[in-house]
Amino acid sequence: MDPNPIGFQHHDHSHCVADAVEAADRSCREAGLQLTPVRKRTLEILLEEHRALGAYDVLARLSEDGFGSQPPVAYRALDFLTKHGFVHKIEKLNAFIACAHPGELHTPAFLICTSCQAVAEAETDPSHSLLANIAETTGFRISRAVLEAEGTCPNCLASEK
């Protein structure tokens with residue numbers, strides 16, 4: 001488990017987008033699923049941004065690229081990508097972000113910068129968390145947990161100095 005969140009550090013962005021799209025395409029083929037052009041472009045849009053985007057923001061970009069301007073275009077693509085683990089929904093923002101660990105069973109925590117709106121995905125270990133302990137003590141079985149924290153990212157903190 002990598003303790004460093006993905007999303008705040010600098011990297012070869014074009015390489016990251018191409019690798020993630022290729023991995024998603026391969027994963028879909030192996031599972032007998034179709035990464036249609038609109039689904040692929042939706043994933044690319046989210047990967048290009050490295051921040052959460054609302055469905056209507058995605059729809060605007062899809063429309064610019066000739067995929068139509070009706071909301072179901074974006075919602076269907078986002079639903080597919082979320083269902084198959086390529087995208088996460090950030091509940092606090094009612095927005096979506098590309099998964100930093102597609103194809104891996106994981107429980108992410110999202111660090112949301114309130115200054116620049118960047119979102120980083122960090123790994124958590126739900127089996128050793130306070131929430132897991134409380135659930136076990138009360139006899140509750142967690143089926144899904146979303147951990148989101150708001151604050152200031154390292155880049156914005158550095159610019160404050």
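Rules and cut-offs
- Residues numbered from 1 in each chain as written.
- Predicted model: local features only at pLDDT ≥ 70, side-chain atom pairs only at ≥ 80, totals over all residues.
- Heavy atoms only, no water.
- Salt bridge = Lys/Arg side-chain N within 4 Å of Asp/Glu carboxyl O.
- Buried < 20%, exposed > 50% of the residue type's maximum accessible area, 1.4 Å probe, protein only.
- Helix = DSSP H or I, 4+ residues; strand = E, 2+ residues; numbered from the N terminus.
- 1 Å grid on protein atoms, 1.4 Å probe; cavity = no way out; pocket = protein on both sides within 12 Å on 5 of 7 lines; lining within 4 Å.
- Points joined across faces, edges and corners; volume = space filled by probe spheres on them.
- Nonpolar A, V, L, I, M, F, W, Y, C, P; charged D, E, K, R; others polar.
- Axes fitted to C-alpha atoms, helices over the stretch in contact; angles between N-to-C directions.
- Left-handed = near helix turned anticlockwise from the far one by under 90°.
- Contact = heavy atoms within 4.5 Å.
- Core = buried A, V, L, I, M, F, W, Y, C linked by side-chain atoms within 4.5 Å.
- UniProt positions renumbered as here; feature names shortened; annotations may be inferred.

## Focus: the pattern of salt bridges
Side chains carrying opposite charge are able to pair once their charged atoms draw close together.
Phase 1 of the analysis: Summed over all chains, the structure comprises eight salt bridges.
Phase 2 of the analysis: One salt bridge connects Arg41 with Glu48, and the closest N-O pair in it is separated by 3.0 Å.
Phase 3 of the analysis: Accessibility expressed as a relative area gives 14% for Arg41, which makes it buried.
Phase 4 of the analysis: By relative accessible area, which is 31% here, Glu48 ends up partly exposed.
Phase 5 of the analysis: Shared partners join several salt bridges into a network, and the residues in it are Arg41, Glu44, Glu48, Glu49, Arg51, Arg61 and Asp65.

## Details of unusual backbone geometry
Phase 1 of the analysis: Positive phi, normally seen in glycine, also occurs at Asn94, with a value near 50°.
Phase 2 of the analysis: Its location among the elements puts Asn94 in the loop between β1 (87-90) and β2 (95-98).

## A few points about empty space enclosed by the protein
Phase 1 of the analysis: A full pass over the atoms with the stated rule returns one cavity of 30 Å³ or more.
Phase 2 of the analysis: When its volume is computed, the largest cavity comes out at roughly 40 Å³.
Phase 3 of the analysis: Along the walls of the largest cavity sit Ala20, Ala24, Leu43, Leu47, Phe86, Cys99 and Pro102, which together make up its complete lining.
Phase 4 of the analysis: For the lining of the largest cavity, the elements supplying multiple residues, two or more each, are α1 (13-31) and α2 (37-49).
Phase 5 of the analysis: For the lining of the largest cavity, a count of residues per class yields seven nonpolar, no polar and no charged.

## Quick word on the packing of α2 against helix α3 (residues 55-64)
Phase 1 of the analysis: At a closest axis distance of 10 Å, the pairing of α2 and α3 adopts a crossing angle of 115°. The hand of the α2/α3 crossing is right-handed. For the pair α2 and α3, contact is made by Val38, Arg41, Thr42, Ile45, Leu46, Glu48 and Glu49 and by Val58, Arg61 and Leu62, respectively.
Phase 2 of the analysis: In the contact of α2 with α3, the residues fall into five nonpolar, one polar and four charged.

## Let's talk about the nonpolar core
Phase 1 of the analysis: Grouped together as the largest cluster of nonpolar side chains are 23 residues, with contacts concentrated most on Leu43, Leu46, Leu47, Leu81, Phe86 and Val87.
Phase 2 of the analysis: Here the element with the most residues in this core is α1; it accounts for five residues.
Phase 3 of the analysis: The contacts of Phe86, once residues within four sequence positions are left out, are Ala24, Ser27, Cys28, Leu43, Leu81, Ala98, Cys99 and Pro102.
Phase 4 of the analysis: Counting seven residues, the second-largest nonpolar core is a separate cluster that includes Ile90, Ala95, Phe110 and Ile112.

## Side note on the UniProt feature "binding site: Zn(2+)" (unreviewed entry) in the protein
Phase 1 of the analysis: As recorded in UniProt, the feature "binding site: Zn(2+)" (unreviewed entry) lies at Cys113, Cys116, Cys153 and Cys156. On the basis of their most widely separated C-alpha atoms, the annotated residues across 44 residues gather in one place, lying no more than 8.3 Å apart.
Phase 2 of the analysis: Relative to the helices and strands, Cys116 is located in the loop between β3 (107-113) and β4 (119-124).
Phase 3 of the analysis: Once residues lying within four places of it in the same chain are set aside, the contact partners of Cys116 are Cys153 and Cys156.
Phase 4 of the analysis: Among the structural elements, Cys153 can be located in the loop between β5 (147-151) and α6 (154-160).

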